[in-house]
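Descriptive analysis of the structure
What follows is each chain in one-letter form.
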Amino acid sequence: MRYLTFALGKGRLAEQTLDLLEQIGITCEEMKDKSSRKLIFVNEELKLRFFLSKGPDVPTYVEYGAADIGVAGRDTILEEGRKVHEVLDLGYGRCRMCICGPKSAGAYLKHHELIRVATKYPNIAKDYFYNVKHQTVEIIKLNGSIELAPIVGLSEVICDIVETGSTLRENGLSVLEEVCSLSARMIVNPVSMRMESERIKDLIQRLRAII
Ligand code: PRP
């Protein structure tokens, strides 16, 4: 039997995924050691391998088949646009992709004005403004603390993740429009899906039963 390889996005998502896998009897003890700098972990008994990567790299590893299975946020999967099968909504990491800004910026959206949109997710923002709203905008790619942009005058609005809403509230910003809902998803390489269909389908079934 060959190894089935899992790519997990580093951080809370990976921790929640390992908890979930543990509930169906899939464990990887050596992965729990937080001080370790090791990147790849093996469960010999079950012929499974796990590795951690930056979230946005998970769909890349899965598209190329370097990982058979990946877990990433729906935001990352949409943004990366890789050829992978999304097979399961894991239910955690729930949040929303939203267009946010000061309340006054609502009028720019309503009247389809040519505004600047700051975001970590240029593809999601482009798709929303161009294909859904049919509004021409200028997209400005940032790498974090997106809420700063409308405060310091870099952009009129942002396209960003809202979870509790407290970052917006504390900075005098509001949700103006909702783009889509997000959560952690399991993705599978299309070739692995065919070649290892029994093992992968069994895994999906067992996870579905406990979600
Ligand atoms: C995310 C997101 C928002 C915040 C939303 O940022 O970009 O800033 O969380 O959460 P809230 O609605 O519960 O306040 P993250 O902390 O991942 O860091 P970043 O801004 O550097 O991307």
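Structural data are supplied above this passage.
Description of the structure in this document. Here the residue numbering is sequential within each chain, running from 1 through the sequence in written order. Per-residue local features of the predicted model are confined to residues with pLDDT of at least 70, and side-chain atom pairs are confined, for both listing and counting, to 80 or more; whole-chain, interface and lining totals are unaffected and use all residues. Note that the side-chain values use all heavy atoms of the structure and ignore hydrogens as well as water.

**As for the overall build of the protein**
Per the convention used, a helix needs a DSSP run of H or I reaching at least four residues, while a strand needs a run of E reaching at least two, with both numbered from the N terminus. Counting its secondary structure elements, the protein contains 9 helices and 11 strands. Across its three principal axes, the protein shows a C-alpha extent of roughly 60 × 35 × 30 Å. Relative accessibility under 20% of the residue-type maximum defines a buried residue, over 50% an exposed one, and the middle range a partly exposed one, all with a 1.4 Å probe and only protein chains included. Counting every position in the protein, which comprises 211 residues, the buried fraction comes to 45%. In the protein, the share of contacts with a sequence separation of at least 24, taken over all contacts with a separation of at least 6, comes to 69%. Only the protein chains shown count as covering a residue, and every accessible area follows the Shrake-Rupley method with a 1.4 Å probe. Surface accessibility of the protein: about 11200 Å² in total, with carbon and sulfur atoms responsible for 49%. His is not counted, nor are the chain ends; Lys and Arg add positive charge and Asp and Glu add negative charge. Here the site of a charge means atom NZ of a Lys, CZ of an Arg, CG of an Asp or CD of a Glu. Across the protein, the centroid of the 29 positively charged side chains sits 1 Å from that of the 29 negatively charged ones. A contact between two residues is defined here by any heavy atoms of the two lying within 4.5 Å.

**Description of the site of the ligand**
The immediate surroundings of the ligand are formed by K120, G144, S145, E147, D160, I161, V162, E163, T164, G165, S166 and T167. The separation between an oxygen atom of the ligand and a polar side-chain atom of E147 is 2.6 Å. Side-chain atoms alone can form a polar contact between residues adjacent in sequence; in general such a contact is a pair of N or O atoms within 3.5 Å, and within protein one must be able to donate a hydrogen while the other accepts it. With respect to the ligand, the backbone of E163 contributes an N or O atom lying 2.8 Å from an oxygen atom. Isolated, the ligand exposes 490 Å² of accessible area, and the fraction of that covered by the protein chains is 66%. Contributing elements (two or more residues each) for the shell around the ligand: β9 (157–162) and α7 (166–170). Summary of the distance rule: residues count as near a molecule or strand when at least one heavy atom falls within 4 Å of that molecule or strand.

**Some remarks on the environment of T27**
By secondary structure assignment, the location of T27 is in the loop between α1 (12–23) and β2 (40–43). Classification of T27 as partly exposed rests on a relative accessible area of 28%. Between the alpha carbons of T27 and V42 there is a distance of 9.7 Å; along the sequence they are 15 residues apart. Setting aside chain neighbours within four positions, we find T27 in contact with E22 and N43.

**So, the environment of L173**
For L173, the position within the fold is in the loop between α7 and β10 (174–182). Taking the C-alpha atoms as reference, L173 lies 29 Å from K54; in sequence the two are 119 residues apart. What L173 contacts, discounting residues up to four positions off in sequence, is G101, P102, E147, P150 and L168.

**Here we look at the side chain of S183**
Residue placement: S183 occurs in the loop between β10 and β11 (184–188). Looking at S183, its side chain comes within polar contact range of the side chain of R185, at 3.0 Å. Non-local contacts of S183, meaning those with residues more than four positions away in its chain, are made with A72, G73, R74, D89, Y92, G93 and R94.

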